[in-house]
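Structural features, examined
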Amino acid sequence: MAATLFLGGAVAQSVGAGTIQGSVVDPSGAAIPKATILLSNPLRQFERAVIADAHGNFDIENVPLDSYQLIVRAPKFTTSIQEVNVAGTVPLRIQTKLALAGTNQTVSVEAAGAIVQTVSPSAHTNVDEAMISAMPQRSPGSGLSDLITDTSPSVAADSNGFFHPLGDHAQQTFVVDGQPDSDQQSKLFSTSIPANAIQSLDLITAAPSAEYGDKTSMVVDATTRSGLGSARPHGDLETYYGAFGTAGENGTLSFGSAKFGNFTAVDSERSGRFLDTPELFPLHDVGTNIVVFNRFDYQPNNANTFHLDVFGARNNFAIPNTFDQQATSQDQRQRVLSFNISPSWQHIFGPHAVLTANPWVRRDQVDYTPSSNQFADQPATMGQSRFLTNWGGKLNLAFNGGGQNLTAGTQIMQTRLEEQFQLGLTDPLFNAVCVDGNGNPIVAPGVNDPNNCGAAGARDAANPAFRPGLLPFDLTRSGTLFQFHGSKNIDEYAVYGQDAVQLGDFTFAAGAREDRYVGLVTYSGFQPRIGGSYRIRKTASVFRASVSRSYESPYNENLILSSATGAGGLATNVFGAFGGVPLRPGKRNDFDAGLQQGLGKYMQLDGDYFWKYTDNAFDFDTLFNTPITFPITWRKSKIDGLGVRLSSVPIHGFTLATTLGHSRSRFFGPEVGGVVFNSPLSKNVFRIDHDQVFQQDTTLEYRHSKYWTAFSWRFDSGLVAGAVPDLASVLALDGDQQAQIGFFCGTQFATVANPITSCNLPYGQYGATRVRIPAPGTENDDTNPPRIAPRNLFDLTLGDDNLHQTEWGRITAKLAMTNLTNRTALYNFLSTFSGTHFVEPRSVTLTVGLSF
């Protein structure tokens, strides 16, 4: 028997994924009806089974781009097992010729269930529905972020669903069913697509195609679930309850036919610990989240497919308080409203070409409201209302033939920004005009001029840290609220081309992209990209390397105020940030070398070393400990690191996945932009707060019939915590801050009411349980910065996919336990870029559902 792969036969497929169309014939070429076809990738736990029709034809649609085994079986015929590579949106047509059972013919390329290697020059991690369902959610409204953090190497975890890919801060682009979105998806800024709407994720961390632009440290290519071809309506209903009063409901419904399909997901949640908190236990932290996603597909004929994604979400939450803020009844809140509408059309031109058109419009509205009593807000009252509206379109032509896989296209979009912001100081000591004889800030009523500090007291003196630009907005000194309003359109244009050629065991990819950015500044960037891989079949090895140039635009959230345009240089003259100039795009050179190595029949090792040099590197700074952040740039950054993933196929029901990561994130001053209440950050070189020496995540899963369990272990060596470089800086903290880090001197531990003001013991007899303070004289911002203490977190999930069978469907149950050992730990501490946040204490959540 023989198997032939060829391109042809028009068939519609889902946007952003591939399609396999095939036929099954006997040695004479006659059709074999009702053959069973299984498309499988054991490493990513992907399986899709279909039955050939009366003419021996079959379609497998919405297939994530990857390599697979195609297993074809029919009674009285020999089984065919072959390797196929779904590399693009052009339909892949396969004709499989089965030999009669008992003959000596065979075409088995690999044994069924064997590892299928990826030959692409890109480094990527694939995540599918089975893996998604087993992963616990640690933070309300952040299921997708938690999933990415747990499954991709070289991703450092941070608070509130933030994650840092490959040493960068939130430098990722989400591509959902072909629609790109490089704006922030954390629940503080927007709402990401719900995890139960996702069929598969492809997490690309090296050698991204020229199709992808803007923020490319990680490209999250998501394919959503579809109802196209559904034989009958099916779905799930779930309700759950857990610690901190967390409760919610999730539901999905899928239905359709050969020509149309509809999939809907609706999620809602309420939690008493909606955001990660500055204190161990939540104070003023109730939040709600509701998300609705709908995907509609229509296939009028084999040459055309129409597709529509509609998404709407609302986050409404209180801002967590510290003990001091709770005592003043601070009541700051934020609401985030988001919607997205993304239609698309695909047309197949003969056997080799597919044209895809993707228009879209999306909007995020963020409203931050202060307390009704301004002086209940400490140390400042603030509010904002901002809108981010993005609309645009993408036109992509894919061609596959003659050994080439060619993609070319253009992308045009506009982002409309509107920002309103207000702020007033409510603590007279925050920007005190005078200090006492010991250098401590004092109120000094009626004194607004540092030259008059002597009149306030015989030993009083001018405060050397006093910022006169803030005085007009100090409400304790007869000031008024600072008010800002700004609007601007950001226009972006791009053209790109990418080609991949496979010559035997060599795969070569080359592409280029040109971007033009017209906003607060005007900038153009040409980005060549090249990569290659070589497969050694005998040793099950794939070697790869790539060089990429990328162009990175500034973060859009609060971009206008942060750039200080149109406000008389307010960032420099008022708030103390360094450089009152518009933020401009950055340029990055990215080098990557990787190895994929099969380890016997059951396991695979995939590792990459990356090195990134960026001119004009981006980050955020945070206003106090609120979700209000402002984009900033640094003169340059040098980031390198290593990411490793070890994974197995199912072995007697067990599967193992381990990710290991290391990054070294060196940033160089000065800083430009932002709103920072401290001295200008103009350090020559330092480790930024998303630098982490090592992290690993191991998940062991066992499935037996309807029962399953998943155990995960997450280790983080600790992000940089620059606020505590030495003992003197710790002694200057207040009691609450010392208690947050677990500061001790000998046997005395600091408390909120009893701070430690002096400590004369040698190093080793003082320290902190939740941060690592460098030994005296050893702190170095580049080579030995202070860090968050290492932490180990363990999670356990138990599930039953068929607790009870009813006429309506299967009753399911799941018990998820996160932070099993109840480890008290911090994500960050007094970070200019993040604030202070505790890891969630032990949480137990019970979920009961109906699957029909």
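Below, the structure is looked at part by part. (Residues numbered from 1 in each chain as written. Predicted model: local features only at pLDDT ≥ 70, side-chain atom pairs only at ≥ 80, totals over all residues. Heavy atoms only, no water.)

Scanning the chain for helices and strands turns up seven helices and 48 strands. Relative to the 2.2 N^0.38 estimate, which gives 29 Å for 852 residues, the radius of gyration of the chain is 28 Å and therefore close to what a compact globule would have. For the chain, with 852 residues in total, the buried portion stands at 59%. Taking as baseline every contact in the chain between residues at least 6 positions apart, the subset at least 24 positions apart corresponds to 67%. A total of about 31400 Å² of accessible surface is found on the chain, and carbon and sulfur atoms cover 59% of it. Here the chain contributes 60 positive and 76 negative side-chain charges, whose respective centroids are spaced 5 Å apart. (Helix = DSSP H or I, 4+ residues; strand = E, 2+ residues; numbered from the N terminus. Rg over C-alpha atoms; globule rule 2.2 N^0.38 Å. Buried < 20%, exposed > 50% of the residue type's maximum accessible area, 1.4 Å probe, protein only. Contact = heavy atoms within 4.5 Å. Areas by Shrake-Rupley, 256 points an atom, 1.4 Å probe, with all protein chains shown as cover. Lys, Arg positive; Asp, Glu negative; His and termini not counted. Charge placed at Lys NZ, Arg CZ, Asp CG, Glu CD.)

Read across the open sheet, the five strands follow the order E9-E14-E15-E12-E13; overall the sheet is mixed. Bordering the open sheet on either side are strand E9 (123–128) and strand E13 (179–181), each of which pairs with just one other strand. Mean inter-strand twist for the sheet, computed between neighbouring axes without regard to direction, equals 20°. Sheet topology places strand E14 (residues 198–206) next to strand E15 (residues 218–224); six bridges connect them, and they run antiparallel. Paired with Ser-200 across the bridge in E15 is Thr-223. Contacting E9, strand E12 (172–176), E14 and E15, helix H2 (residues 143–151) runs over the sheet at an angle of about 50° to E14. (Pairing = 2+ DSSP bridges. Axes fitted to C-alpha atoms, helices over the stretch in contact; angles between N-to-C directions.)

Let's shift gears to the sheet that holds strand E25 (residues 434–435). Sheet architecture is open: three strands sit in the order E26-E25-E27, paired in antiparallel fashion. In this open sheet, the two strands that pair with only one neighbour each are strand E26 (441–442) and strand E27 (461–462). Inspection of the sheet shows E25 paired to E27 by two bridges, in the antiparallel sense. Within E27, the position partnered with Val-435 by the bridge is Ala-461.

It is worth spelling out the packing of aromatic side chains at this point. Counting across every chain of the model gives 22 aromatic pairs. On the basis of an interplanar angle of 90° and a centroid distance of 5.8 Å, the ring pair of Phe-421 and Phe-630 is categorised as edge-to-face. Highlighted residues: Phe-421 in strand E24 (residues 404–425) and Phe-630 in strand E34 (residues 629–648), separated in sequence by 209 residues. Accessibility classification places Phe-421 together with Phe-630 in one group, the buried group. An aromatic cluster of three or more residues is present, and its members are Phe-162, Phe-189, Tyr-555, Phe-618 and Phe-620. When the ring centre of Phe-274 is taken as reference, the NZ or CZ atom of Lys-187 above it lies at 4.8 Å. Between Lys-636 and the ring centre of Phe-668, over which it is positioned, the NZ or CZ distance is 4.7 Å. (Phe/Tyr/Trp six-rings, centres within 6.5 Å; stacked < 30°, edge-to-face > 60°. Lys NZ or Arg CZ within 6 Å of the ring centre and 35° of its normal.)

Counting buried positions along strand E5 (residues 57–63) yields five of seven residues, so the element is predominantly enclosed. The pairing of strand E2 (residues 18–25) with E5 spans five bridges and is antiparallel. Across the sheet, Gln-21 pairs through a bridge with Asp-59, a residue of E5.

Below, the discussion takes up the environment of Asn-558. Inspection of the secondary structure puts Asn-558 in the loop between strand E31 (541–552) and helix H4 (559–563). Residues Asn-558 and Ile-628, spaced 70 residues apart in sequence, show a C-alpha to C-alpha distance of 8.6 Å. When residues no more than four places from it in sequence are discounted, the contact partners of Asn-558 are Gln-384, Arg-386, Glu-419, Ile-628, Thr-629, Phe-630 and Pro-631.

Let us now look at the environment of Ala-157. By the element assignment, Ala-157 lies in strand E10 (residues 155–157). On the accessibility criterion, Ala-157 (13% relative accessible area) is buried. Residues Ala-157 and His-169, twelve residues apart in the sequence, show an inter-C-alpha distance of 11 Å. Ignoring sequence-local partners within four residues, the contact set of Ala-157 consists of Thr-149, Phe-162, Arg-714, Asp-716, Leu-719, Arg-791 and Tyr-827.

Overall, the coordinates contain 30 salt bridges when judged by the stated rule. In this structure, Asp-608 engages Arg-544 in a salt bridge whose closest nitrogen and oxygen atoms are separated by 2.5 Å. Pair noted here: Asp-608 is in strand E33 (residues 603–622) and Arg-544 is in strand E31, with a separation of 64 residues, a long-range link. The pair Asp-608 / Arg-544 is uniform in exposure class, with both members buried. Connected via shared salt-bridge partners are Arg-666, Arg-687, Asp-691, Asp-782 and Arg-787. (Salt bridge = Lys/Arg side-chain N within 4 Å of Asp/Glu carboxyl O.)

A few words now on the nonpolar core. In this structure, Phe-317, Met-382, Phe-421, Leu-559, Leu-623 and Ile-628 are the most contacted members of the largest nonpolar core, which totals 38 residues. Breaking this core down by element, the ones donating at least two residues are strand E22 (353–369), strand E23 (380–401), E24, strand E28 (482–503), H4 and E33. Of the residues forming this core, the biggest block, four residues, is contributed by E24. Ignoring anything within four residues of it in the chain, the contact list for Phe-317 reads Lys-187, Leu-188, Phe-274, Leu-275, Val-286, Gly-287, Arg-333, Gln-334, Val-336 and Pro-627. (Core = buried A, V, L, I, M, F, W, Y, C linked by side-chain atoms within 4.5 Å.)

A cluster of nonpolar side chains, contributed by Phe-260, Phe-296, Tyr-298, Phe-306, Leu-308, Val-310, Phe-339, Ile-341 and Trp-345, occupies part of the molecular surface with about 710 Å² of accessible area. Elements represented by at least two residues in the nonpolar patch include exactly strand E19 (287–301), strand E20 (304–318) and strand E21 (333–349). Secondary-structure assignment places Val-310 in strand E20. We classify Val-310 as partly exposed; its relative accessible area is 34%. (Patch = residues over 30% accessible without salt bridge, like charges linked within 9 Å, V, L, I, M, F, W, Y side chains within 5 Å.)

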